There are 2 protein chains.
Amino acid sequence: MFSKTCTYGIKATLFIAQKAQLDERVSLKEIATAIDSPVAFTAKILQVLAKEHIINSIKGPKGGFEIAKAQLPNITIKQVVKAIDGDSLFNGCALGLQECNEKAPCPMHDNFVSIRDQLNETLASSNLLQVAADLNQGRTVLKR
Amino acid sequence: MFSKTCTYGIKATLFIAQKAQLDERVSLKEIATAIDSPVAFTAKILQVLAKEHIINSIKGPKGGFEIAKAQLPNITIKQVVKAIDGDSLFNGCALGLQECNEKAPCPMHDNFVSIRDQLNETLASSNLLQVAADLNQGRTVLKR
DNA sequence: TTAATTTCGGATAAATTTGTCCGAAATAAA
DNA sequence: TTTATTTCGGACAAATTTATCCGAAATTAA
């Protein structure tokens, strides 16, 4: 479904969101520990997310990563996935055909309409505030 | 969503099904041409499908691959996907957690229930007879 | 029986994804 | 200003996925 890189990216974003709700900024090391990911590789992914303005990065002592608290309800998981894996999951042909549309559909085209709709609806409506709240209440976990 | 290997596997299976409906057996070369895939790599995938009893392979002159016509309605796309990509798409955690369940769910766990249900329902109910018919009627295509 | 055809299966190679290393740049605090 | 800390970014390396090559085995037909 998602690339490994993307799962790291989602988990990192959610951890930053969790701490953002508590007005805390987190470092690369803290993130990698919290989500159980390779440190240097996680740094690369965070750079991408920062460039896409999904998170903010601050250099220097006391630096780290954060998300403006007020932005939490406006950022969706779909945005994170698109930033890392692109939008092929949401728009590409399930069988990888370059040209696949109503006029010349692949054999799975019609079947995938409902799956895609569900994916879009679910990931576009899951915002960081909601998910961060679940994490802070201990209802959900980021590793194991 | 699916690995590239899996898209080849699905397309190959559908092409064999299409010809099975016409009582025709097809060769590796014909399959690779029909679905626009690398010949030798396709051979490997067909071996897997044959071992999983999704298709039959016949060696020697006039040999090739086929599916018993009577089996077409009993084989689903889900079976093909499971044979090649395993069942992580249907059962694994979306964020890759080893342990992710109702007691200790990942932050996406609840959101993914509906997506997973839709995937299961759609892929488990799409059988080869139906899809082969669409192909033979020229309603759908396997390449481009 | 021989020759031709086709899949099987193992070794190997290329491409992509995942992961590491390390110096550079920025910045906070002494 | 200097030092310590933290992210940035480029080069490199390992692991995995995708793809190729080729002889072996099976089978059909001459």
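Residues numbered from 1 in each chain as written. Chains lettered and ligands numbered in written order. Predicted model: local features only at pLDDT ≥ 70, side-chain atom pairs only at ≥ 80, totals over all residues. Heavy atoms only, no water.

Asks: Tell me about the interface of chain A and chain B, and please be specific about residues and values.
Replies: At the interface, 37 residues of chain A touch 37 residues of chain B. Between chain A and chain B the total buried area reaches about 3200 Å² when both faces are included, carbon and sulfur atoms providing 69% of it. A salt bridge links Glu 99 of chain B to Arg 144 of chain A; the nearest nitrogen and oxygen atoms lie 3.9 Å apart. If you look at where chain A meets chain B, you find ten residue pairs in polar contact (both at pLDDT 80 or more). (Contact = heavy atoms within 4.5 Å. Buried area = accessible area lost by both parts, 1.4 Å probe. Salt bridge = Lys/Arg side-chain N within 4 Å of Asp/Glu carboxyl O. Polar contact = N/O pair within 3.5 Å; in protein donor to acceptor, adjacent residues only side chain to side chain.)

Asks: Describe the protein's contact with DNA strand D, listing the residues and the values that go with them.
Replies: As a matter of local geometry, DNA strand D sits amid 25 residues, with Lys 44 and Ser 57 of chain A together with Thr 5, Pro 38 and Pro 61 of chain B nearest to it. Within 4 Å of the protein, the contacting atoms of DNA strand D are 65% sugar and phosphate, with bases supplying the remainder. Gln 47 of chain A is positioned such that a nitrogen or oxygen atom in its side chain is 3.2 Å from a base nitrogen of DNA strand D. A distance of 2.5 Å separates a phosphate oxygen of DNA strand D from a polar side-chain atom of Ser 57 of chain A. Broken down by class, the residue content of the surface near DNA strand D amounts to nine nonpolar, nine polar and seven charged. (Near = heavy atom within 4 Å. Nonpolar A, V, L, I, M, F, W, Y, C, P; charged D, E, K, R; others polar.)

Asks: Residues and numbers for the relation of the copies chain A and chain B, please.
Replies: After a rotation of 180 degrees and a shift along the axis of 0.0 Å, chain A superposes on chain B with an RMSD of 0.0 Å. Look at the turn and shift together and you get a two-fold axis relating the two. Across chain A, the smallest distance between a C-alpha and the rotation axis is recorded for Met 1 of chain A, namely 2.1 Å. An overlap of 100% is found between the interface residues of chain A and their copies at the interface of chain B, pointing to a shared contact surface. (Least-squares fit on C-alpha atoms with pLDDT ≥ 70 in both.)

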